[in-house]
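Secondary and tertiary structure notes
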Amino acid sequence: MERSEAAARVAEAVHDLASDVVSALKGGDHSSVRSGAAGPEGDGPWLAAVRMLGPDLLLPALVHGRPPHPQDVAACRRAADTFPPRADSSPVTVWSHWALTRMSDHPGARPAASGAPAEPPAGHGPDHDGGSDGTRDAWPAAVPWQQLTHQLALLAPLAVPGDTAAAAACGHAVLADSAVARTARQRPVDLARGFVRAVRRRDWLQAAAAGRWLAVVDDVPKTLGLDAGLDFVLLMGGSDPRVDLHVHAAQHFRAIRPTGAGREDDTGVRA
């Protein structure tokens, strides 16, 4: 009973914090996202919510082209320190923690003297194949498209454009250059198939997350109709602030990417 109650409190905190991020995305003010959070900084469910949203707590800074608010960066750091991955954590957990740690080290809001590596060490990132030679090419590169979409959807906070001045100024460019993002750029058709599958299954959160990845990669199939698809996902699933967050981010990224980026091809998509 206690575990279920704790899970419910965390779920409520995630909902409330995601709502605050969406409000900041749409409002454009310069206040801290956490000023409207459901609980104080030391509150366990609230910190868990920061850990689950990851670097998306800092997404309003990227969207509005300003450095992250120091209080939000500090909240990311505290959440990363409070909930580190275990030795047996999944690759998704390791990468999400890496992303949160890297963003909380942004020099514009915190001294850049922390210990976040450039990427998770060999054997701990999601692109590690578990072999004795330490090669880093199996996880996202070789998995079926359904699994690819599922895992990338869980890492949607890493789906940001790296080719804008705002991404460089806010520190988000490091996410766009991760191995996860590089793999997404290599498999746009598989991501498009996953987006269609998620819509057909009415999994609006996964659809929104996949659509966010599609907004920052090239060679998206024209037949997908991504813009209309994002509108539909928001209409059907927008009551979940996490869906609203991903769709709003995707639409913004589609609008701001430089001319020539985000090109589409004529590949048909079937799920």
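All values reported here derive from a predicted model rather than from experimental measurement.

1. Focus on the side chain of Thr-149
Mapped onto the secondary structure, Thr-149 falls in helix α7 (residues 145-154). Residue classification places Thr-149 among the buried residues on the basis of a relative accessible area of 1%. Leave out the neighbours within four places in its chain, and Thr-149 touches Asp-190, Leu-191, Gly-194, Phe-195, Gln-206 and Ala-210.

2. What about the nonpolar core?
If you look at the biggest cluster of nonpolar residues, it comprises 71 residues, and the most contacted ones within it are Trp-213 and Leu-214. For this core, the element with the highest residue contribution is helix α1 (residues 2-27), accounting for eight residues.

3. Some details on the packing of aromatic side chains
Under the counting rule described, the total for this entry stands at two aromatic pairs. Pairing Trp-95 with Trp-98 gives two aromatic rings, centres 5.0 Å apart and planes at 85°, and the pair type is edge-to-face. Residue Trp-95 and its partner Trp-98 are both found in helix α5 (residues 91-104); the two are separated by three residues, about one turn of the helix. Taken as a pair, Trp-95 and Trp-98 share a single burial class, namely buried. Pairing Trp-204 with Phe-232 gives two aromatic rings, centres 5.7 Å apart and planes at 75°, and the pair type is edge-to-face.

4. Here's the deal with the layout of surface pockets
Of the voids in this model, the largest pocket is the one considered here, and its volume is about 750 Å³. Around the largest pocket, the lining is made up of 29 residues, and of these Arg-51, Met-52, Leu-53, Ser-96 and Leu-154 lie nearest the centre. Those elements that provide at least two residues to the lining of the largest pocket are α1, α2 (44-53), α5, α7, α12 (204-214) and α14 (241-256). Considering each element in turn, the lining of the largest pocket owes the most residues, four residues, to α2. In terms of residue class, the lining of the largest pocket is made up of 17 nonpolar, seven polar and five charged.

5. Notes on α14
With 16 residues, α14 should cover 22 Å at 1.5 Å per step; its first-to-last C-alpha distance of 22 Å lies within 8% of that length. By the N-cap criterion, in which a side-chain oxygen at the helix start approaches the backbone nitrogen of a residue two or three places on, α14 is capped by Asp-240, the distance to Arg-242 being 2.9 Å.

6. Examining the side chain of Gln-206
Turning to its location among the elements, Gln-206 is positioned in helix α12. Of the residues examined, Gln-206 reaches a relative accessible area of 13% and is grouped as buried. If we ignore the near neighbours within four places in the chain, the residues touching Gln-206 are Thr-149, His-150, Ala-153, Gly-194 and Ala-198.

7. Here we look at the packing of α12 against helix α13 (residues 226-237)
Where α12 meets α13, the closest approach of the two axes is 10 Å, and the angle between their N-to-C directions is 150°. Taken together, the axis directions place α12 and α13 in an arrangement best described as roughly antiparallel. Along this stretch, α12 crosses α13, giving a crossing that reads as left-handed. On α13, the residues that touch Trp-204, Ala-207, Ala-208, Gly-211 and Leu-214 of α12 are Leu-226, Leu-230, Phe-232, Val-233, Met-236 and Gly-237.

8. Considering the environment of Asp-240
Inspection of the secondary structure assignment puts Asp-240 in the loop between α13 and α14. Among the polar contacts listed, one links the side chain of Asp-240 to the backbone nitrogen of Arg-242, at a separation of 2.9 Å.

9. As for a nonpolar patch on the surface
The grouping of Phe-232, Leu-235 and Met-236 at the surface amounts to a nonpolar patch, some 300 Å² of accessible area in total. Along the chain, the position of Leu-235 falls in helix α13.

10. Looking at the pattern of salt bridges
This structure, assessed with the given rule, holds nine salt bridges. The closest approach of N and O atoms between Arg-86 and Asp-88, which form a salt bridge, is 3.1 Å. For the pair Arg-86 and Asp-88, a shared accessibility class is recorded, and that class is exposed. One salt bridge in this structure joins Arg-187 and Asp-190, with 2.8 Å as the shortest N-O distance. Assessed through its relative accessible area of 12%, Arg-187 is described here as buried. The exposure class assigned to Asp-190 is buried, which follows from its relative accessible area of 18%. Each member of the salt-bridge network shares a partner with another, and the members are Arg-187, Asp-190 and Arg-193.

11. Section: the confidence of the model for the protein chain
Mean pLDDT for the protein chain: 81, with 72% of residues reaching 70 or above. Here strand β2 (residues 264-265) stands out as the element of the protein chain with the lowest mean pLDDT, 61, in contrast to α12, whose mean of 98 is the highest. In the predicted structure, residues 108-114 sits below a pLDDT of 50 and forms 11 contacts with residues beyond four places in sequence or in another chain. This stretch, residues 126-138, has a pLDDT under 50; its non-local contacts, to residues over four places away or in other chains, come to 31 contacts.

The rules behind the values
- Residues numbered from 1 in each chain as written.
- Predicted model: local features only at pLDDT ≥ 70, side-chain atom pairs only at ≥ 80, totals over all residues.
- Heavy atoms only, no water.
- Helix = DSSP H or I, 4+ residues; strand = E, 2+ residues; numbered from the N terminus.
- Buried < 20%, exposed > 50% of the residue type's maximum accessible area, 1.4 Å probe, protein only.
- Contact = heavy atoms within 4.5 Å.
- Core = buried A, V, L, I, M, F, W, Y, C linked by side-chain atoms within 4.5 Å.
- Phe/Tyr/Trp six-rings, centres within 6.5 Å; stacked < 30°, edge-to-face > 60°.
- 1 Å grid on protein atoms, 1.4 Å probe; cavity = no way out; pocket = protein on both sides within 12 Å on 5 of 7 lines; lining within 4 Å.
- Points joined across faces, edges and corners; volume = space filled by probe spheres on them.
- Nonpolar A, V, L, I, M, F, W, Y, C, P; charged D, E, K, R; others polar.
- Expected span 1.5 Å × (residues − 1).
- Polar contact = N/O pair within 3.5 Å; in protein donor to acceptor, adjacent residues only side chain to side chain.
- Axes fitted to C-alpha atoms, helices over the stretch in contact; angles between N-to-C directions.
- Parallel < 35°, antiparallel > 145°, perpendicular 65-115°, else oblique.
- Left-handed = near helix turned anticlockwise from the far one by under 90°.
- Patch = residues over 30% accessible without salt bridge, like charges linked within 9 Å, V, L, I, M, F, W, Y side chains within 5 Å.
- Areas by Shrake-Rupley, 256 points an atom, 1.4 Å probe, with all protein chains shown as cover.
- Salt bridge = Lys/Arg side-chain N within 4 Å of Asp/Glu carboxyl O.
- pLDDT = per-residue confidence, 0-100.

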